[in-house]
Amino acid sequence: MSTIQVPSSWRSLVENPSTLQLFLDYYASSQPPPSKLALECLVRLASVRRSLFSSDVERSKFLNRLVNGCRDILRSQSGLAEHHENYHEFCRLLGRLKTNYQLSELVSVDNYNEWIQLVAQLTINSLNSWQWAKDSVYYLLGLWSRLVSSMPYLKGDSPSLLEANVPKITQAYITSRLESVRSVLQQNDGLDEMLDAEEQLSESLESLPYLVRFQYDKSSQFVLGLMEPLIQHYKQATTLTALDEPAKQQLSILEGQLAWMVSIVGSVIRGRLSSSSSSAESQESIDGELSGRILGLL
């Protein structure tokens, strides 16, 4: 969804605090499908064109109310855990905040610190609950990648807190993907293997290079720390001449986990030219080290 070109005659209605509060209150007091529709309306309000507002002050006030409304929902978790429709639409709403507003505007709102910490926790929980929230993670990862991309342009003294939260999200993404392999292979409940869903895989990996390269030294060491034992165990398993059933299952798990690591490293290396934080030549050695581990599997 791009910016919505609403009529100028709507200016006073959109700027009126009671309009936004109406949808927030309606969401809090209802269940799907009405509550989902309230969130859809909030997504559209978050997408209105900048020029609609009578001044930057009014636009900042609107953003402040919207962010704090989202913070209240994150605090209470009202309607999220028990209703997937609400959860998904709320993730879309969070994603729209960075699409239509600058990081410098977000860090200036009241209670930004609490809001960003709550969004980080929601993202980590969503990644760990990949079976339930896999369709919603796309919007959350997109939010974080756009936040990271804006860091070079952030001015002023207001902290973004991205340095503390992005590495945790990166690690949660990678570890949850590895753990998903074991879950899929050990359960016979018809779960889709995420590596076989090419479109969904491509979407989830699209944002990853921005997150990994944000603090590349730290993230690359984490990746290598996971890869080394996987490679070692895989090489040991492939040298065995006879495998019993548990050993075959363990080998399948290792193959799936290494397939994920290949996909993850490939996306990071491929994203080098497009990632705004990857221009430093010093990162080339890290690219080479990661690539060397992958090529060693051939």
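Counting secondary structure elements, the protein contains 15 helices and 0 strands. Overall, the C-alpha framework of the protein stretches about 75 × 45 × 30 Å when taken along its three principal axes. Out of the 298 residues belonging to the protein, those deemed buried represent 47%. Long-range pairs, those at least 24 residues apart, make up 80% of the contacts in the protein between residues at least 6 apart in sequence. Taken as a whole, the protein presents about 14,400 Å² of accessible surface, with 51% of it coming from carbon and sulfur.

Our focus in this paragraph is empty space enclosed by the protein. Counted under the stated rule, the structure contains 1 cavity of 30 Å³ or more. Here the largest cavity is characterised by a volume of approximately 30 Å³. Lining of the largest cavity is provided by Ile-174, Val-212, Val-223, Ile-264, Val-265, Val-268 and Leu-290. The element contributing the most residues to the lining of the largest cavity is helix α14 (residues 245–270), with 3 residues. Residues belonging to the lining of the largest cavity are distributed by class as follows: 7 nonpolar, no polar and no charged.

Before going further, it helps to spend a moment on the layout of surface pockets. The volume enclosed by the largest pocket comes to roughly 250 Å³. Thr-99, Tyr-138, Tyr-139, Gly-142 and Arg-146 are the residues nearest the centre of the largest pocket, which is lined by 13 residues in total. Residue assignment for the lining of the largest pocket shows that the elements contributing at least two residues are α5 (84–100) and α9 (137–150). In terms of residue count, the dominant contributor to the lining of the largest pocket is α9 (5 residues). Across the lining of the largest pocket, the residue classes break down as 4 nonpolar, 5 polar and 4 charged.

Inspection of every chain in the model, using the stated rule, returns 4 aromatic pairs. For the ring pair Tyr-112 and Trp-115, a centre distance of 5.9 Å and an interplane angle of 45 degrees mean the geometry is tilted. Of this pair, Tyr-112 and Trp-115 both sit in helix α7 (residues 112–128), separated by 3 residues, roughly a single helical turn. You can call Tyr-112 buried: its relative accessible area is 2%.

Attention shifts here to the confidence of the model for the protein. Summing up the model confidence of the protein, the mean pLDDT is 90 and the portion of residues at 70 or higher is 95%. Confidence over residues 274–278 falls short of pLDDT 50; this stretch has 15 contacts with residues more than four positions distant or in other chains.

Further remarks concern the packing of helix α10 (residues 162–186) against α14. Contact geometry for α10 and α14: axes closest at 9 Å, N-to-C directions at 150 degrees. In terms of orientation, α10 and α14 fall into the roughly antiparallel class. For α10 against α14, the interelement crossing comes out right-handed. Contacts between α10 and α14 involve Tyr-173, Ile-174, Arg-177, Leu-178, Ser-180, Val-181, Arg-182, Leu-185 and Gln-186 from the former and Gln-249, Gln-250, Ser-252, Ile-253, Gly-256, Gln-257, Trp-260, Met-261 and Ile-264 from the latter.

Right, let's get into the packing of α7 against α10. The N-to-C vectors of α7 and α10 enclose an angle of 10 degrees; their axes lie 8 Å apart at closest approach. As the angle between them shows, α7 and α10 are arranged roughly parallel. Together, Tyr-112, Ile-116, Gln-117, Ala-120, Thr-123, Ile-124, Leu-127 and Asn-128 of α7 and Leu-162, Asn-165, Lys-168, Ile-169, Ala-172, Tyr-173, Ser-176 and Arg-177 of α10 make up the contact between the two elements. Counted by class, the contact of α7 with α10 contains 9 nonpolar, 5 polar and 2 charged residues.

In this structure the tally under the stated criterion is 12 salt bridges. Arg-50 serves as the salt-bridge partner of Asp-56, at 3.8 Å between the closest nitrogen and oxygen. A salt bridge links Arg-71 to Asp-72; the shortest N-O distance between them is 2.9 Å. Its relative accessible area of 10% is what places Arg-71 among the buried residues. Each of Arg-50, Asp-56, Arg-59 and Glu-105 takes part in salt bridges that share partners, so that together they form one network.

Next up on the list: the environment of Glu-105. When you line up the elements, Glu-105 lands in helix α6 (residues 103–106). Counting along the chain gives 10 residues from Glu-105 to Gly-95, while the straight-line C-alpha distance between them is 15 Å. With residues near it in sequence (within four places) discarded, Glu-105 still touches Arg-50, Arg-59 and Leu-63.

Attention now moves to α7. Because the α-helix completes a turn every 3.6 residues, residues three or four places apart line up on one side. For α7, built from 17 residues, the straight-helix expectation of 24 Å at 1.5 Å per residue is met to within 8% by its first-to-last C-alpha distance of 24 Å. Listed as buried for α7 are Tyr-112, Trp-115, Ile-116, Val-119, Ala-120, Leu-122, Thr-123, Ile-124, Ser-126 and Leu-127. Contacts made by the buried residues of α7 are with α4 (56–76), α5, α6, α8 (130–133), α9 and α10.

Cut-offs applied
- Residues numbered from 1 in each chain as written.
- Predicted model: local features only at pLDDT ≥ 70, side-chain atom pairs only at ≥ 80, totals over all residues.
- Heavy atoms only, no water.
- Helix = DSSP H or I, 4+ residues; strand = E, 2+ residues; numbered from the N terminus.
- Buried < 20%, exposed > 50% of the residue type's maximum accessible area, 1.4 Å probe, protein only.
- Contact = heavy atoms within 4.5 Å.
- Areas by Shrake-Rupley, 256 points an atom, 1.4 Å probe, with all protein chains shown as cover.
- 1 Å grid on protein atoms, 1.4 Å probe; cavity = no way out; pocket = protein on both sides within 12 Å on 5 of 7 lines; lining within 4 Å.
- Points joined across faces, edges and corners; volume = space filled by probe spheres on them.
- Nonpolar A, V, L, I, M, F, W, Y, C, P; charged D, E, K, R; others polar.
- Phe/Tyr/Trp six-rings, centres within 6.5 Å; stacked < 30°, edge-to-face > 60°.
- pLDDT = per-residue confidence, 0-100.
- Axes fitted to C-alpha atoms, helices over the stretch in contact; angles between N-to-C directions.
- Parallel < 35°, antiparallel > 145°, perpendicular 65-115°, else oblique.
- Left-handed = near helix turned anticlockwise from the far one by under 90°.
- Salt bridge = Lys/Arg side-chain N within 4 Å of Asp/Glu carboxyl O.
- Expected span 1.5 Å × (residues − 1).

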